[in-house]
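Structure assessment
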Amino acid sequence: MKNAKLHVEKDFEVARTDGRLFSSFLEHLGRAIYTGIYEPGHPEADEDGFRRDVLKLVQELHVDYVRYPGGNFLSGYDWKDGIGPKENRPRRLDLAWRTIESNQFGIDEFYDWSRKAGTKVMGAVNMGTGTPKDAGELLEYCNFPGGTYWSDLRAKNGHRDPMDIKLWCIGNEMDGDWQICHLDADDYGKKARETAKIMKLVDPSVELVVCGSSTREQATFPDWDRKVMEYTYGRADYLSMHRYYENCGNDLDFLASFVDMDGFIHTLVAAADYVKAKVRGKKDFNLSFDEWNVWYISKDRQHDWMEAPPILEDNYSLLDALVTAGLGMTLINHADRVKIACLAQLVNVIAPIATQKGGSAIRQTIFYPFRYLSEFGRGTVLQPVIDTPKVETKHGDTPLLYTTAVRGDDNTVTVFGLNIGDDAMQVEMDLASFGTLTMLEHVCLDGNDLNAKNTFEAPDRVKPRKIEPVSGTFHSCSVVLPKQSWNMLRFQVEK
Ligand code: AHR
């Protein structure tokens, strides 16, 4: 047994969480859309062809925004192919994933799906083959009230009222040489600035996200980010960040991925503050971590030119779920500067929800940390003082116990605790500043087999269990967090 001490002060505030921290992502990629959320003819399909079983799981995740339609797909996509009568929509080559795009699903369908899912749309405009003019026209199609070519076409296509999509990405991973029509930082910076100008002329109330580095391993990181922010400081609102993690053979290094994410965020906050000073600005350039997850990056090209083939369908383990828990906690811990974050992706493609074509939908292991963080991680993030054993990992000095504390608006305190060590951890918790507390619940995700996965045959093999909460009323308490476990401890503040 190891020991740690945690002191949570009710007034040591980091920031309020932005609801958009609990967002996700759906790309026209593999079976994310087709046979993922949209499958006309499926026994669970509604009148629009949306799978009701998937809608239910998305609602259970409490997802705020869903970024759409890409991803790498975005940089070769013409949004105009995806509107109007379905029988007239062209079948196109999707060059990003080397598949066939049927265009049976486009922005109108996605908007309708979002409303049913209870999510909001984070749109994206193509900065690869797309032009600033295309971007302005897409915004006019979505948001302009009426009386113009594009807004009237929207009405004709079934949406008389504006969609009011207020959050937009200007391109995707334009720093990557894999991206269709990849640009260098100067060319992208200028194109993004002019696109932002057009978009804010069409609808001044939109918020815009410009491409930052697609991983911190890019040779151009963090100079790319600095330059892009310098070009767009006066027009854009957020810098995008992407980062995926995989197990390279050492479980402890993998579990410590949150340390790497933390460093990535620190560096880009510093870059953003440098730019603010350089341009003599007043606003903070905040961060949109709009792709994050575990991903066993495969170079699978077996499905060339098929329609909606199974691509990137990672089946996640308990270990992967513990890693995503640490990553999600890091995002919350940086709520002062990270305002948007999208678990990438949502269905089938590196996703918490997996479906069978014509069959069922299941919760992958990574579903659970997102679900609990999203439901109970909202409120005022606090800065706890923690005394924990540490260990050296490939990411540097790493705490064996990693925590996040959130004061809810309903007189609750929630502490998330990730124990990455292979011993149980006894944690002495000092919560005296809140007054008298009772413990509502202790939810724990752990297990004997870190490689255990949920499958269609055994969909509930990995799921959180309840541990008996500490009884009575108290100001401080002691809890045991099992080895390699993720925990949610919820307390009620007594009036
Ligand atoms: O999410 C999968 C891919 O990862 C996205 O298309 C791209 O933006 C990133 O490289």
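Residues numbered from 1 in each chain as written. Predicted model: local features only at pLDDT ≥ 70, side-chain atom pairs only at ≥ 80, totals over all residues. Heavy atoms only, no water.

**Let's talk about the pairing of strand 18 (residues 396–399)**
Bridging between strand 17 (residues 390–393) and strand 18 involves four bridges; their strand directions are antiparallel. Across the sheet, residue Glu392 finds its bridge partner in strand 18, namely Asp397. What sits between the antiparallel neighbours strand 17 and strand 18 is a turn of two residues. (Pairing = 2+ DSSP bridges. Helix = DSSP H or I, 4+ residues; strand = E, 2+ residues; numbered from the N terminus.)

**Notes on the pairing of strand 9 (residues 207–210)**
Of the strand pairs in this sheet, strand 8 (residues 167–170) and strand 9 are connected by four bridges, and their pairing is parallel. For Leu167, the partnering residue across the bridge sits in strand 9 and is Glu207. In the classification by handedness, the crossover that spans strand 8, the intervening helix 5 (residues 185–202) and the parallel strand 9 is right-handed. (Right-handed = clockwise from strand over helix to strand, strands pointing away.)

**Quick look at the sheet that holds strand 21 (residues 425–430)**
If you trace the four strands from one edge of the open sheet to the other, you get 16-1-21-25, paired in mixed fashion. A strand with exactly one partner marks an edge of an open sheet, and here the two such strands are strand 16 (385–387) and strand 25 (476–481). Each strand of the sheet is rotated relative to its neighbour by a mean of 20°, with strand direction disregarded. In terms of strand pairing, strand 1 (residues 2–7) meets strand 21 through six bridges, oriented parallel. Counted as the bridge partner of Ala4 is Val427 from strand 21. (Axes fitted to C-alpha atoms, helices over the stretch in contact; angles between N-to-C directions.)

**Comments concerning the packing of helix 1 (residues 52–61) against helix 10 (residues 367–376)**
Direction vectors running N to C along helix 1 and helix 10 enclose 55°, while the axes themselves pass 8 Å from each other. One finds that helix 1 runs oblique with respect to helix 10. Of helix 10, the residues touching helix 1 (which contributes Leu57, Glu60 and Leu61) are Phe367, Phe370, Arg371 and Ser374. In terms of residue class, the contact of helix 1 with helix 10 is built from four nonpolar, one polar and two charged. (Parallel < 35°, antiparallel > 145°, perpendicular 65-115°, else oblique. Contact = heavy atoms within 4.5 Å. Nonpolar A, V, L, I, M, F, W, Y, C, P; charged D, E, K, R; others polar.)

**Thoughts on the pattern of salt bridges**
Scanning all chains against the criterion turns up 42 salt bridges. Here Arg465 and Asp446 are joined by a salt bridge, their closest N and O atoms 2.9 Å apart. Separated by 19 residues along the polypeptide, Arg465 in strand 23 (residues 465–467) and Asp446 in the loop between strand 22 (437–445) and strand 23 bring together distant segments of the chain. Among the ionic contacts, a cluster of salt bridges with common partners joins Asp46, Glu47, Asp48 and Lys116. (Salt bridge = Lys/Arg side-chain N within 4 Å of Asp/Glu carboxyl O.)

**Examining the nonpolar core**
With 164 residues, the main nonpolar core has Trp113, Tyr188 and Phe491 as its most contacted residues. Both of domain 1 (2–10 + 382–493) and domain 2 (18–376) provide at least three residues apiece to this core. Sequence-distant contacts of Tyr188, defined by excluding residues within four places in its chain, comprise Met127, Ile170, Met174, Leu183, Val210, Cys211, Trp224 and Val228. (Core = buried A, V, L, I, M, F, W, Y, C linked by side-chain atoms within 4.5 Å. Buried < 20%, exposed > 50% of the residue type's maximum accessible area, 1.4 Å probe, protein only. Domains from an automatic or database assignment.)

**Remarks on the domain arrangement of the protein**
Here the domain parsing of the protein yields domain 1 (2–10 + 382–493) and domain 2 (18–376). Inter-centroid distance (C-alpha atoms) of domain 1 to domain 2 is 30 Å. Contacts between the two partners involve 39 residues from domain 1, matched on the other side by 36 residues from domain 2. When domain 1 packs against domain 2, the two sides together hide about 3300 Å² of surface, and 72% of this comes from carbon and sulfur. (Buried area = accessible area lost by both parts, 1.4 Å probe.)

**Some remarks on the packing of helix 5 against helix 6 (residues 223–232)**
Their axes nearest at 8 Å, the elements helix 5 and helix 6 cross at an angle of 30°. The angle between helix 5 and helix 6 falls in the class roughly parallel. Here the hand of the crossing between helix 5 and helix 6 comes out right-handed. Residues Ala185, Asp186, Tyr188, Gly189, Lys190, Ala192 and Arg193 of helix 5 touch helix 6, and the partners they reach there are Trp224, Lys227, Val228, Tyr231 and Thr232. Per-class residue counts for the contact of helix 5 with helix 6 are six nonpolar, two polar and four charged. (Left-handed = near helix turned anticlockwise from the far one by under 90°.)

**A few points about the site of the ligand**
What surrounds the ligand is the set Phe25, Glu27, Gly71, Asn72, Trp97, Asn172, Glu173, Tyr244, Glu291, Trp295, Gln345 and Ile350. Measuring from an oxygen atom of the ligand, one finds a side-chain N or O atom of Glu173 at 2.7 Å. In isolation the ligand has 290 Å² of accessible area, and contact with the protein removes 96% of it. Classifying every residue of the shell around the ligand gives five nonpolar, four polar and three charged. (Near = heavy atom within 4 Å. Polar contact = N/O pair within 3.5 Å; in protein donor to acceptor, adjacent residues only side chain to side chain. Areas by Shrake-Rupley, 256 points an atom, 1.4 Å probe, with all protein chains shown as cover.)

**Here's the deal with the sheet that holds strand 10 (residues 238–245)**
Strand order in the closed barrel formed by eight strands is 3-4-7-8-9-10-11-12, with parallel pairing between adjacent strands. This sheet shows a mean twist of 30° between the axes of neighbouring strands, independent of strand direction. Strand direction decides the pairing type here: strand 9 and strand 10, joined by two bridges, are parallel. By the bridge assignment for strand 10, Val210 is matched with Leu239.

**Here's the deal with helix 3 (residues 132–143)**
An ideal rise of 1.5 Å per residue puts 16 Å on 12 residues; helix 3 measures up with 16 Å between its terminal C-alpha atoms. Counting buried positions over the 12 residues of helix 3 gives nine, a clear majority of the element. In this structure, the buried side of helix 3 is in contact with helix 2 (107–117), strand 7 (120–125), helix 4 (149–156), strand 8 and helix 5. (Expected span 1.5 Å × (residues − 1).)

**A word on the side chain of Gln345**
Its location among the elements puts Gln345 in the loop between strand 12 (338–344) and strand 13 (353–355). Under the relative-accessibility criterion, Gln345 is labelled buried at 2%. Setting aside chain neighbours within four positions, we find Gln345 in contact with Ser24, Phe25, Leu26, Glu27, Leu29, Ala32, Asn293, Ile350, Ala351 and Pro352.

**Some remarks on the environment of Met241**
Tracing the sequence through the fold places Met241 in strand 10. The sequence separation of Met241 and Glu291 amounts to 50 residues, and the corresponding C-alpha distance is 6.9 Å.

**Here's the deal with a nonpolar patch on the surface**
On the surface, Leu93, Leu95 and Trp305 cluster together to form a nonpolar patch covering roughly 300 Å² of accessible area. Within the secondary structure, Trp305 is located in the loop between strand 11 (286–294) and helix 9 (318–333). We classify Trp305 as partly exposed; its relative accessible area is 32%. (Patch = residues over 30% accessible without salt bridge, like charges linked within 9 Å, V, L, I, M, F, W, Y side chains within 5 Å.)

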